[in-house]
Each structure stands twice: as structure tokens, then as C-alpha cells.
Amino acid sequence: MTAKLLLPVLAAALLAAPFLEPLSFLLAWIAFVPLFWCLHRAQTSREATFYGWLMGFAAHLIGFHWLVYTISVFGGFPYAVSVIVFVLYAALQGIQMAIFALLLRSVGFGPLHIFPALLWIPLEFLFPLLFPWYVANSQVSFSWLIQSADLVGPYGTSFVILWCNAAIYRAVTAKKEERPGAYIPLAYAALGMVVSLVYGYQRLGSIDEEIANARKLSVGAVQGNVDIDLKWNPILAQKNLEKHRELTSQLDAASLIIWPESAIEFLIPEDLPALPLELLPVFKSERSFFIFGAKSYRGTLGRPGAKAFNTAFVTDAKGRILGHYHKQMLLAFGEYLPFAKILSLLPAMPFADGFTAGPGPVAFNLARGVRIAPLICYEDLMPDLARKFVSETRANILVNLTNDAWYGRSVGPWQHLRLAQSRAIETRRTLLRVTNTGVTSVVNAKGELVQTLPMFTPAVIQTEVEILNGETYYVSFGDWFAWGITAITVGLVLFRLKRRLKKV
């Protein structure tokens, strides 16, 4: 019994490790093996479900341990309360793996041990997660493998990894007389991996050629390094602004200057025609465009009906506001508090009003056909959202404005960057991430990290990024693969359920 409890925790550690250190990506290929061992030996479906939940619970505790700091700093909770909230969060997120274990226990591993891969994809695709992560993201260091994202999103690589896990389990646990046949699933799963690698190798070469021939846009990105305890203090707001203006003055003339999320700490009406000169940096080119993040509002502050937004604005060099985008996907514990109405009834429980979600994707149209997709904060973690920016607005550069100071001096900001890298592959667009305290970075259309700034350091990036206009299969057709696997899985589960009921 002790082994059965320890093995799901081991599986969780193997799964979480590549999300904390990408060079350990090989561990994901065996991460589910200990869980499969437990599921095969579980006496009941309830026991199997518990083992799955335990793996999911432990994986979130390990992989997102830094969230305790975020919950404490944003919510103003005592550290002990933040730990309790985090444990509850991990327990709820573990339900995803519990469902996976229950389904697998019910339908079995199937021919060629392919059922675990089939069952996992719908859960990865549809189960709600605070931080959307995919098994495929564990392979960010394995560039050849993950290029199929421009066809099927992250789900193709996840499918191959889960299939290989199941096939490896079959091969290593087979009895001596079963071994010849036990290697057949592994051979087919390995073939799936080889196909992905061949496609990746070929695709990397073609993208290299597109990057070399693409038009370039000169960009300056400013990392102001304003720590979280210095933000939104009225006494320090002007000083923090001057940090950004001073760093901007170090840049050479550029077509586009970008400041991060909430760089300007003064509330701005959403219909403001022009940015006041005292807030505007000095540009070395009259043709520069300027993108910055700020809180904006609609209506009269303090009056009923007033709304607050997390907003990205774009201006010309004279400060005239040319457009804005309100963040659509708000971050729990960062921009709104889940169950806030219930929690506010508890004595001594801090509570703050949250933001309002904005409408659909909006591109910033600059000169010469440049169209910027202004993803805010963790919106760059969502494949379908980035896809819609490209398919619906024809955006040809992805820009992410974020403030990861909420995560403290932890692996959190790096983890955010690694989870976001796949958006560049899926859309075949440059992803320029401009952050407050780091990690400000440039990701090319191959998903490679080209340039980064050190964390918690005031600094700038001056670079040129590619303007790419092609449309990938994933952008054109969306999550066709994930929906197809979901349909197959639903049919499979219903078929097995029908057969079981007939036996009864």
C-alpha cells in the first residue's frame, strides 16, 4: 500500500520536473508509468481514481509551488491562509488526473496501448485549468519534436508522449513469455515520434528560409523593473514612470517602442484622445509607435456602472491614441478573486474589486501593413486565443505585455515564458514578451528563445523582429485534432459502457 501511495507522487515529480527545468524533458516520457502500475493493481475504480487524483494533486503542488507567494501578495492573505488556498487549488486541479485514471480503469489500455493517449487529449483540451499547461510544453527544449504544433496545436506532441508512456509500461512489465508481442506497441509509438521528428526537421528548415526573407520591424522593449511592493503607490507612480522614460531614452530610433503591462500607473479613461505629454516618453523618431499597458476605466469612478479594465494602448509619436485592447482572459488571484462574493462575507477577509473582461481580439494596425496582437499577461498561454488574433485580425506579430513580479523571485516567470513559447510555433509568428521585472524576451517563429533580459534588472532590448504573414494549418482550422480525438474518445467510452451494461 505504501508503494501505491508513493508511486503517484513519483509520477507527479517526473511530470512536473521539465516544467521547472526544461533540460529534464526526457522524464515526461516515463512520468505516467508509475501511475499505470498503480492502476493495474487497484482493487476498485474508486482506488484507481484516488491514485490519479493524488498524482494530479502532487504535480500541481510541485509544479506551481510559487503560487503561494502570488496568493499572499495579491490577496493580502496571511502566509498560512495562502498555503491553504493553494492546497485547495491543487486539490481541485487534481480532478483532471482523477478523471483520466477512472476512464482508463474503465476502458483499459486498448490495442497497441493507445487508449491512454486517446483519453488524455480531451481532458487536456477541455478541463479548466488556472494555468493552461500541456504535456507537450515539457518538451520545449526538444525543438524538432514540437513543430507539429502548427498543424494540431500542442495536442499532437502530448498524444505521442502519452502513447509512448503506455507502450513503455507494457514493455517493462511484460512477463518473459509475453515480451515479443509486448514490444509491438512501443514500435508503433516510436514510429509516431519519428514522424513528428521528421516533420519538425523539415519544418525548421522551411521556417529558417521564411525568417531570412521576411521584412523586419525595429523594436525597442523596456523592462522597468518596478517590484510589486512599489507598484500602484501614488507617491511612487511618477518616479516609476520616469524609470521607463529614462530607459526609453537609451534606445536608438525604432519603429515600435513597447512598455509592459501596467507600466503607466495612472488611471486612464478608455476614450482618452491623447496621452498627456508628461506621461509620454521622448522618441528619437517621429514615425515611432508606442504600446504600453495601463489600467483604464469606463464611466465615472466610484459610481454605479463604472468598469475597470486591464488595457494595452497604442499611440503615435505625438501621443495620439490610435487604439486600445482590453484583456479578455482575467487571471484568478491576480485580477479577480474566485468565489469573491462568498469570501467577502467572512470576517477579516480582504477583498478587492476586479477587472472587467474585454471583447474579442483587436489588432493594432501600424504603418506598412504591420498588425500587432497585444496579448496581456497570461493570455499568451492560450493556444486558441493567439490563433484567433491571427485568423480574425491577420496579426503578423505577437506582443505580450505582462507583469510577472506577482510571482516573486521564483521559477514562475520562466515557467510562464516556456509555456508561452508554443504560441510562436502554432501561429508561426515572432512572439515579443515585454515584462515589468522579467523575463523580457524574443521568441522566433520556430519557438526558439532568441534573446532575454536578466530578471529584476532595469534594461532594454533593441532588436528587429520578422513580419510573417503565412497562415498555418492550426490557425486556419483550429483544434480539429483535439475535437476529433474527443469524438473518438466519447464513442469509445459509450461503447464500453454499453457492453458493460449488457453483461449486467
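How each quantity is defined
Residues numbered from 1 in each chain as written. Predicted model: local features only at pLDDT ≥ 70, side-chain atom pairs only at ≥ 80, totals over all residues. Heavy atoms only, no water. Core = buried A, V, L, I, M, F, W, Y, C linked by side-chain atoms within 4.5 Å. Buried < 20%, exposed > 50% of the residue type's maximum accessible area, 1.4 Å probe, protein only. Helix = DSSP H or I, 4+ residues; strand = E, 2+ residues; numbered from the N terminus. Contact = heavy atoms within 4.5 Å. 1 Å grid on protein atoms, 1.4 Å probe; cavity = no way out; pocket = protein on both sides within 12 Å on 5 of 7 lines; lining within 4 Å. Points joined across faces, edges and corners; volume = space filled by probe spheres on them. Nonpolar A, V, L, I, M, F, W, Y, C, P; charged D, E, K, R; others polar. Pairing = 2+ DSSP bridges. Phe/Tyr/Trp six-rings, centres within 6.5 Å; stacked < 30°, edge-to-face > 60°. Lys NZ or Arg CZ within 6 Å of the ring centre and 35° of its normal.

Some details on the nonpolar core
Within the largest apolar cluster, 118 residues are counted, with the highest numbers of intra-cluster contacts made by Phe 32, Phe 100 and Phe 131. At ten residues, helix H9 (residues 155-173) tops the list of elements feeding residues into this core. Those residues in contact with Phe 32, other than ones at most four positions away along the chain, are Leu 15, Met 55, Met 97, Phe 100, Val 135, Leu 162 and Asn 165. One finds Leu 251, Leu 279, Phe 283 and Phe 292 within the second-largest nonpolar core, a separate group that totals 20 residues.

Some details on empty space enclosed by the protein
Taken as a whole and judged by the stated rule, the model has six cavities of 30 Å³ or more. The space that makes up the largest cavity amounts to roughly 100 Å³. Every residue lining the largest cavity is listed: Leu 15, Ala 16, Phe 19, Ala 59, His 60, Gly 63, Phe 64, Trp 133 and Gln 415. Elements represented by at least two residues in the lining of the largest cavity include exactly helix H1 (2-20) and helix H3 (45-63). Of the residues in the lining of the largest cavity, the class split is six nonpolar, three polar and no charged. Here the second largest cavity is characterised by a volume of approximately 80 Å³. Forming the walls of the second largest cavity are 13 residues, and the residues nearest its centre are Ala 136, Asn 137, Ile 146, Ser 422 and Ile 425.

Things to note about the pairing of strand E10 (residues 431-435)
Among the five residues in E10, five count as buried, and that is most of the element. Where burial is concerned, the two faces of E10 agree: the one with Leu 431, Arg 433 and Thr 435 and the one with Leu 432 and Val 434 are both buried. Strand direction decides the pairing type here: strand E9 (residues 397-402) and E10, joined by five bridges, are parallel. What sits directly across from Leu 401, in E10, is Val 434. Pairing of E10 with strand E11 (residues 441-443) involves three bridges; the strand directions are antiparallel. Residue pairing across strands places Leu 432 opposite Val 442, the latter belonging to E11.

Some words on the packing of aromatic side chains
Under the definition given, this model contains 34 aromatic pairs. Judged by centre distance (6.0 Å) and plane angle (80 degrees), the ring pair of Phe 32 and Phe 100 falls under edge-to-face. With Phe 32 in the loop between H1 and helix H2 (33-41) and Phe 100 in helix H6 (residues 95-107), this residue pair connects regions lying 68 residues apart in the sequence. An identical accessibility class is assigned to Phe 32 and Phe 100; each is buried. Through a chain of ring-to-ring contacts, the aromatic side chains of Phe 19, Phe 32, Phe 36, Phe 100, Phe 109, Trp 120, Trp 133 and Tyr 169 assemble into a single cluster. One residue, Lys 295, lies across the ring of Trp 232, its end atom 4.2 Å from the ring centre. Between Arg 409 and the ring centre of Phe 456, over which it is positioned, the NZ or CZ distance is 3.9 Å.

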